[in-house]
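Coordinate analysis (summary)
Below are the chains, spelled out letter by letter.
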Amino acid sequence: MTSQRGDRPQRAAIVAVRVPAKMNIVLSVGPLRRDGFHDLATVFHAVSLYDEVVATAADTITVSVEGLDAELVPLDGSNLAVRAARLLAERAGIRVGVHLAVRKDIPVAGGMAGGSADAAAALVACDALWGAGLTSADLQTLAAELGSDVPFALLGGTAIGSGRGEHLRPIPVTGRLHWVVAIAAGGLSTPGVYRALDRQRRAHRMPAPAVPEAAVAALENGDVVALGKALRNDLQPAAVALEPGLSTTLDAGKRMGALGGLVSGSGPTCVFLAADGDHAATMAEDMSRTGGCRHVRVVTGPVPGARVVA
Ligand code: C5P
């Protein structure tokens, strides 16, 4: 993966990257694997809720974080953006550092892959800052080493994910989807939610995970009513068991006429499909008053993955 210095594009003095949150329109979870992960069949969907990572040249690799839940994000070597920068530097033979300034709008531990988004943004930012000249395929390989959701944060759009989530196949979507995002007061640990699911399933044999054809067809046809009925998340019962207050939010979505609603990934954020932008705005207002959540946002999807911004 080490690129020749002569081939490398010009280094930049400062690079800003914007990266979207993801939700899972379908999340089908197979049995626990020997490596501690679960095989998935999922439909990832990138939505217009963004973190931003600004990279500037420095002697060492450091990070600072501001914005939503910034105080919950570690600033040491366990920070996913720092791990991404270190990994890229090691593989591309880079010996300089970077300061990564992260501005968060994606909830931390919210089930929208905020940490993975920051890792993807750091890969794109450091590649440009250092003029490393890695290909998209190189960046995808590094992303998969960093976490199951990092490859999708690079890619964006809407894609079927398999394996532990790192194998991606983009799928077409007709039209723009409008969602209401209900952000809960606390966070949930992803491994904790998977463990709770394993406990709920006990000795039951699980079939191989699958994405129903109806969900893919609804996306392709832009049929939001059919899509609302096809939303499904196998992690939802485990997330609700750990955070029973989520039932209040999910019930509120039904009452407000959402076409469908579900916990996003491992939660606790919940997402609701609206018929259009006006419907989303009305639902968001109601949800802020009675949904039992901390913040409510209206977003659209699909949107592109981690990209350098001017
Ligand atoms: O890959 P990532 O670091 O995001 O995964 C966090 C944790 O979530 C894993 O350690 C594992 O416990 C769980 N996980 C899983 N199966 C997946 C993805 C994540 O069990 N496909």
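Anyway, here's the lowdown on the structure attached to this text. (Residues numbered from 1 in each chain as written. Predicted model: local features only at pLDDT ≥ 70, side-chain atom pairs only at ≥ 80, totals over all residues. Heavy atoms only, no water.)

1. Overview of the site of the ligand
In the vicinity of the ligand, the contacting residues are Gly36, Phe37, His38, Leu40, Gly147, Ser148, Arg164, Thr190, Pro191 and Tyr194. At a separation of 2.7 Å, an oxygen atom of the ligand approaches a polar side-chain atom of His38. Between a nitrogen atom of the ligand and a main-chain N or O atom of Arg164, the distance comes to 3.0 Å. Protein chains shield 75% of the accessible area of the ligand, which is 450 Å² for the free molecule. Secondary-structure elements contributing two or more residues to the shell around the ligand are strand S2 (38-58) and helix H5 (190-201). With three residues, H5 is the single largest residue contributor to the shell around the ligand. Of the residues assigned to the shell around the ligand, the class counts are four nonpolar, five polar and one charged. (Near = heavy atom within 4 Å. Polar contact = N/O pair within 3.5 Å; in protein donor to acceptor, adjacent residues only side chain to side chain. Areas by Shrake-Rupley, 256 points an atom, 1.4 Å probe, with all protein chains shown as cover. Helix = DSSP H or I, 4+ residues; strand = E, 2+ residues; numbered from the N terminus. Nonpolar A, V, L, I, M, F, W, Y, C, P; charged D, E, K, R; others polar.)

2. So, the side chain of Glu166
Within the fold, Glu166 resides in the loop between strand S5 (158-162) and strand S6 (167-170). Here Glu166 sits buried without a salt bridge, and the closest side chain of opposite charge, Arg164, lies 4.1 Å off (N-O distance). Among the polar contacts listed, one links the side chain of Glu166 to the backbone nitrogen of Arg164, at a separation of 2.8 Å. For Glu166, the residues in contact, after removing those within four places along its chain, are Ala144, Ser148 and Pro151. (Buried < 20%, exposed > 50% of the residue type's maximum accessible area, 1.4 Å probe, protein only. Lys, Arg positive; Asp, Glu negative; His and termini not counted. Salt bridge = Lys/Arg side-chain N within 4 Å of Asp/Glu carboxyl O. Contact = heavy atoms within 4.5 Å.)

3. Some details on the sheet that holds strand S7 (residues 177-183)
Strand order in this open sheet of four strands is S9-S10-S7-S11, and the pairing throughout is antiparallel. Only two strands of the sheet have a single partner each, and these edge strands are strand S9 (260-263) and strand S11 (295-301). Put simply, the sheet's adjacent strands are angled 25° from each other on average, direction ignored. In this structure, S7 lies alongside strand S10 (residues 270-274), joined through five bridges in antiparallel fashion. Bridge pairing links His178 to Ala274 in S10. Relative to the sheet, helix H9 (residues 246-255) contacts S7, S9 and S10, its axis offset from that of S10 by approximately 5°. (Pairing = 2+ DSSP bridges. Axes fitted to C-alpha atoms, helices over the stretch in contact; angles between N-to-C directions.)

4. Focus on the pattern of salt bridges
For the structure on display, the rule yields 12 salt bridges. Between Asp51 and Lys104 there is a salt bridge, with its nearest N and O atoms 2.2 Å apart. Of the two residues, Asp51 sits in strand S2 while Lys104 sits in strand S4 (residues 97-104), which places them 53 residues apart along the sequence. The pair formed by Asp51 and Lys104 is uniform in burial state, with each residue classed as buried. Among the salt bridges present, the one from Asp234 reaches Arg201, with a minimum N-O distance of 3.5 Å. Separated by 33 residues along the polypeptide, Asp234 in the loop between strand S8 (232-233) and helix H8 (236-242) and Arg201 in helix H5 bring together distant segments of the chain.

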